Amino acid sequence: MTALIYPADAKVRLELTVNGERRVGEAEPRMLLVHFIREVLGLTGTHVGCDTSNCGACTVVLNGRAVKSCTVFAVQANGGSLLTVEGLARKGRLHPIQEGFWEKHGLQCGYCTPGMMMAAYDLLQKNPDPTEEEIRRAISGNLCRCTGYVKIVEAIQYAAQKLRSDPSWRSGGD
Amino acid sequence: MTEMPVIHGMGSAVKRKEDVRFIQGRGTYVDDISLPGMVYLDFVRSPYAHARIRSINTEKAKGAPGVVAVITGKDLQPLGLDWIPTLSGDKMMVLPTEKVVFQMQEVVGVVAESRYAAADAVKLVEVDYEPLPVVIDPKKALEEGSPIVREDKRTNHVFHWEAGDREATDRLFEQADVVVGQDMYYQRIHVSYMEPCGCVAYYDSVKGTLTIWMTTQAPHVVRTVASLITKIPENKIRIISPDIGGGFGGKVYVYPGYIVAAVASIATGRPVKWVNDRSDDHPSTAFARDFHMRAELAARKDGTLLAFRVKAVSDHGAFFGDANPSKFPFGLFSICTGSYDLKAAFVEVDGAYTNKPQGGIAYRCSFRVTEAVYAIERLVDIMAHKLGVDPAELRLKNFIPPERFPYRSVMGWVYDSGNYAGALKKAMEKIGYEELRREQEEKRKRGELMGIGISSFTEIVGAGPSHTFDILGIKMFDSAEIRIHPTGKVIARFGTRSQGQGHETTYAQIIAEELGIPIEDITVEEGDTDTAPYGLGTYASRSTPTAGAAAAVASRKIREKAKKIAAHLLEAREEDVVWERGRFYVKGAPAKYKTIQDVAFAAYTNPPPGMEAGLEAVHYYDPPNMTFPFGSYICVVDVDRGTGEVKVRRFVAVDDCGNIINPLIVDGQIHGGLTMGFGTAFMEEISYDQDGNVYGANFMDYTIPTAVETPKWETDKTVTPSPHHPLGAKGVGESATVGSPAAFVNAVVDALWPLGVTHIDMPLYPWKIRRLLEEKGYALDK
Amino acid sequence: MFVIPDRFSYTVAHSVEEAVELLHTLEDSKVLAGGQSLIPFMKLGYASPKSLVDINPIPNLDYLDDSGESLKIGALTRISRLCGSELVAKDYPLIHDAALQIADPLVRNLGTFGGNVCHADMGNDLPAVCLAMNAEMVASGSSGQRVLAAEDFFVDRFTTLLAPDELLTEVRIPKNRRGCGGAYLKLERRVGDYAIVGVAAQLEVDDDGVCRSAGIGLTSASTKPIKASEAESWLVGKSISDEVLDKASTLAMNASNPLSDIRGPAEYKKAMVKVLTHRALNLAYKRARGGLS
């Protein structure tokens, strides 16, 4: 058998691309990706809001898909590419999604916001011109207690329009 | 006159200043804080709701990898910290020495090098429990022979509280033509902020200082109480409330985690982080509501409402820790005469201890106003249906008319201003009320269940005037300290603490309005007790009424001094100098002016002879009265006769919070509050079985609304300024949570009224509706 | 009480054979696919496998192939792929409906068809779909490959016929022809929750609206997914009408025995099996009449 088996207490060396940069870190097999992101990579923009995979505050984009990083082991991300909220802006330019949330008052306490924006990112990659219903469905895995969602929907609609009209944001990605 | 800069003062829908960091993931929440040498605190929690602790064996845990300390109640006892005072004058266990009193109560603290090591070690602590009889029902708790929750008390009776005039009320009830009454239970729910509670505590033994970054809505009160109980001098304690991921009242309470973390830091010399997992937080931190009442309303047959009375039992769990003002153990419930000119009212409430965590905190309820509004608005609707009168008509007939303000209610509150009919009529027009009633008629004939529910609430916020309000003796003023730098930029600090309400923007807007300085030039800070002036914190919608007012008054003090400096610079007499937002000019010669920035510079470089340098002011504002925001909400529902599901088709909310600082932010507060009310009405509940096992203890079992179920809220405003507030503003943060549940329930009951249904307790689960439909023979099987 | 998993050893399989060998040799090992059911369980302490075999890198297990006699779905096919597939939306509306109602879009990005059926919680949605569609489950183990009928596959809560060292590789759905239609209805407290009850209905009707075959699978209606066989056989040969659907849905209800829990009392769930079965069959019928390619 040629497969490499990491023992339970192993410190697995992980190498992945994070927000376009090559990053290296260590994790035991059971370490959740969200803890790896926050504590090993030092990126605290991704938040922990629950422990039953319901709230979506930990949403990141892993290998091109928005996922709940509390429901993925860090070791699974080895060799992959990760986009977190810190990677949305480019060269100091806010991403249209970030702009939308700001313009439209799409946040209050800000705790669900990074996860919410990453879910919006995923939606707008697949569906550049979503209806309101499609937007609400796309963020149904992200709970918000402050905003009542109305302005989050407006924020994402703003971003969708901005992205459709500004092709410079289309290239590149995670 | 040259162009004045855009300052974004009162009324500007300017986007928020604080958002810049949040949208880039650069907020600093407690769990983001990392200090050198930091260790992690986790808790062993009780599986039993009521049990004696026979023994605790911590040897295995102490020897586990990475464990630095293990703390039990016996370790806290010699420090006098096993019990601490609550905000209501009761006391609460930090860690138990004799017995546990609710399921998931903290029992032992384990401190380790990493959170995973702490979690592993927690499993190694052995606690031997002897289960005791459990008391869950607060009514049973008040009966003779009930198990007693608290060994330091003789009974489970926490308090008896009355307000109003019993005799006058009873007399009117006897004389009335119509009396309606209803038993109602307002279920136990959880605030469910997205960020659980936590802290980082660091005791620096060299400096003798204790610093705690804490998820708290009231940092100064915490500092004072912490000093009193730990005996560490108050100038050596610093509480920092960093960015908070939602508070809603749940982060006012002082939880054992904060105390144990502080003690652990003192013991180990290292910074200690404690952050609840959701499954810890949800079943152990303070709950809201849990209130059993019988409410009755008396009227004349012409629909004139006469009197209201409520008898209630309130469940406080094992510790009475409500953050209510001390004279009001049941908060401001006596606002329950609501928007109506009632002639008499009487309420009596008995609080009970049960084997549950502390309950009854101010979850976005303005100190029990949610319960009060629910009581009166449900009863008014029941009365309308009983009389066969349209619920809107009955309300319009009985509203306190605008000319009666300031209005003294029979409960003694002086409502500052109101225009209830204006708000209701606006809501009715916006939703197309008449058309909807016609549609309902048609649908009823076809066997379709459609309902329309109204809630016309009056809120009472802004605690509060010193003659009536205090918490643990501390008066409920709030404060603003504003300083202008030589180059005209401003630093302003407040005694409140936003957890999402946007103070960094709204307070800047107030100062911008008063001083004519653009908000970009104004830095607002809150939450650090070393720098912020003393305040009582942010909850119960009090910030704008108190600290917002303080900002206005402090700004005006600054303007007074500024005027003198301007006169000096303009070489004019003070009485000839005119202020026009941002500049002073000489009366009759507007081209001769000095900007506020010119004045600021002069305050440091060229003050008038004999005048103290600098340009700043601090004000502690003692509100002369509460403020009374109000509104009318109308909800339209359709009920599925097969599944019992309720679909909220439309919801119109017309709110009046007086003069508005930022309409975007007000809308956001309303949307959020309506969503909480929606969750309360349809899907949220913490419940217990007879053994005290808790149900709804995490986000899988306890459902809060997602973007899919949440209706698309339609909001509008009326503006009726507060006559006593310096800006004419009132609070608004809680209006929607307070006012909306009754609208939802009224709508569903309205739909089912023809079947003989008068009430359904929240949450309005589909299975409850279906059960009623089956009972009434109205259920469909397809 | 931090909610973190117990320790486990971790290994990655790059082929089905390797995965089977690892499952065979490693003590107390479990498959890690999407992890969207397994990882939450491990965090809550309901599962503590000593090793995890990560099968995500295995190539050629993520496919939707209807070129042959049946629709073949690779076990690693992500739920989101099912949601976005035009083929599935057009020709297999039952699968499309169910996929869209599984958890939330983030979970669907990682969750797999195989994982959803192998986890076999009564609240998983795809088992009922497999039962309604008379699917075949293809598994590879140390004794080779075998094909199991969905009807036999689900043994009890969290228990399938799979041996501990067997890997589900493919699910085969009988090809939907003209006259076929299906629907999945799910009652939930709110989006993303497990079903209060769910009903998978598949119908094949002739040009006169007479039922040729029927499939009804029930989610959360017992400790394991239920195939309402009595209702299914009764429908064959009947001309679909309101009364017929009423009787069929009653038979389906009688086949269920749900438990009371935080999602509702048993009597309610049972009554809802009837309501939802009626509605799902109705919708399946409309789609069957609407015609497929």
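For clarity, every value in this text was computed on a predicted model and none was experimentally measured.

What about the overall build of chain A?
A count of helices and strands for chain A gives 5 helices and 6 strands. Counting from the amino terminus, helix and strand elements in chain A follow one another as β-β-β-α-β-β-β-α-α-α-α. Taken over C-alpha atoms, the radius of gyration comes to 17 Å for chain A, in line with the 16 Å a tight globule of 174 residues would show. In terms of its C-alpha atoms, chain A occupies a principal-axis envelope of roughly 50 × 35 × 30 Å. Burial analysis of chain A (174 residues in total) assigns 66% to the buried set. In chain A, 57% of the contacts between residues at least 6 apart in sequence involve partners at least 24 apart. With the model as given, the accessible surface of chain A reaches about 5900 Å², and the carbon-plus-sulfur share is 47%.

Here's the deal with the sheet that holds strand β5 (residues 65–68) of chain A
All names here are of chain A. The 5 strands are arranged β3-β2-β6-β4-β5 in an open sheet whose pairing can be described as mixed. Each of the sheet's edge strands pairs with one partner strand only, and the pair in question is β3 (21–27) and β5. Taken pair by pair, the neighbouring strands of this sheet meet at an average axis angle of 40°, ignoring direction. Where strand β4 (residues 59–62) and strand β6 (residues 81–83) come together, 2 bridges link them in antiparallel fashion. Across the sheet, residue Val61 finds its bridge partner in β6, namely Leu83. Docked against the sheet, helix α1 (residues 33–40) engages β2 (12–18), β3, β4 and β6, running at close to 110° with respect to β3. Relative to β4, helix α3 (residues 113–126) is tilted by about 40°, and along the sheet it contacts β4, β5 and β6.

Examining the environment of Arg238 of chain B
Residue and element names in this part refer to chain B. Within the fold, Arg238 resides in strand β13 (residues 237–240). Along the sequence, Arg238 and Val222 sit 16 residues apart, while their C-alpha atoms lie 9.7 Å from each other. Discounting residues that sit within four places of it in the chain, Arg238 has contacts with Leu210, Thr211, Ile212, Asp528, Thr529 and Asp530.

So, the domain arrangement of chain B
Residue and element names in this part refer to chain B. The domain architecture assigned to chain B consists of domain 1 (19–26 + 478–621), domain 2 (33–132 + 195–245 + 251–284) and domain 3 (288–463 + 625–775). Here the C-alpha centre of domain 2 lies 40 Å away from the C-alpha centre of domain 1. In this assembly, 19 residues from domain 1 lie in contact with 18 residues from domain 2. Here domain 1 and domain 2 share an interface that buries about 1500 Å² over both sides, 49% of which is from carbon and sulfur atoms.

A word on unusual backbone geometry
Trans is the prevailing form of peptide bonds, just as negative phi is the prevailing case for residues other than glycine. Residue and element names in this part refer to chain B. Here the amide bond leading from Ala463 into Gly464 is cis, since omega sits at -20°, within 30 degrees of zero. Look at the link from Met762 to Pro763: it is a cis peptide, with omega at -10°. Its place among the elements puts Pro763 in the loop between α18 (735–752) and α19 (766–775). Backbone geometry places Ser192, a non-glycine residue, at a positive phi of 60°. On the accessibility criterion, Ser192 (0% relative accessible area) is buried. With a phi close to 55°, Ala540 is a non-glycine residue in the positive phi region.

Rules of the game
Residues numbered from 1 in each chain as written. Chains lettered and ligands numbered in written order. Predicted model: local features only at pLDDT ≥ 70, side-chain atom pairs only at ≥ 80, totals over all residues. Heavy atoms only, no water. Helix = DSSP H or I, 4+ residues; strand = E, 2+ residues; numbered from the N terminus. Rg over C-alpha atoms; globule rule 2.2 N^0.38 Å. Buried < 20%, exposed > 50% of the residue type's maximum accessible area, 1.4 Å probe, protein only. Contact = heavy atoms within 4.5 Å. Areas by Shrake-Rupley, 256 points an atom, 1.4 Å probe, with all protein chains shown as cover. Pairing = 2+ DSSP bridges. Axes fitted to C-alpha atoms, helices over the stretch in contact; angles between N-to-C directions. Domains from an automatic or database assignment. Buried area = accessible area lost by both parts, 1.4 Å probe.

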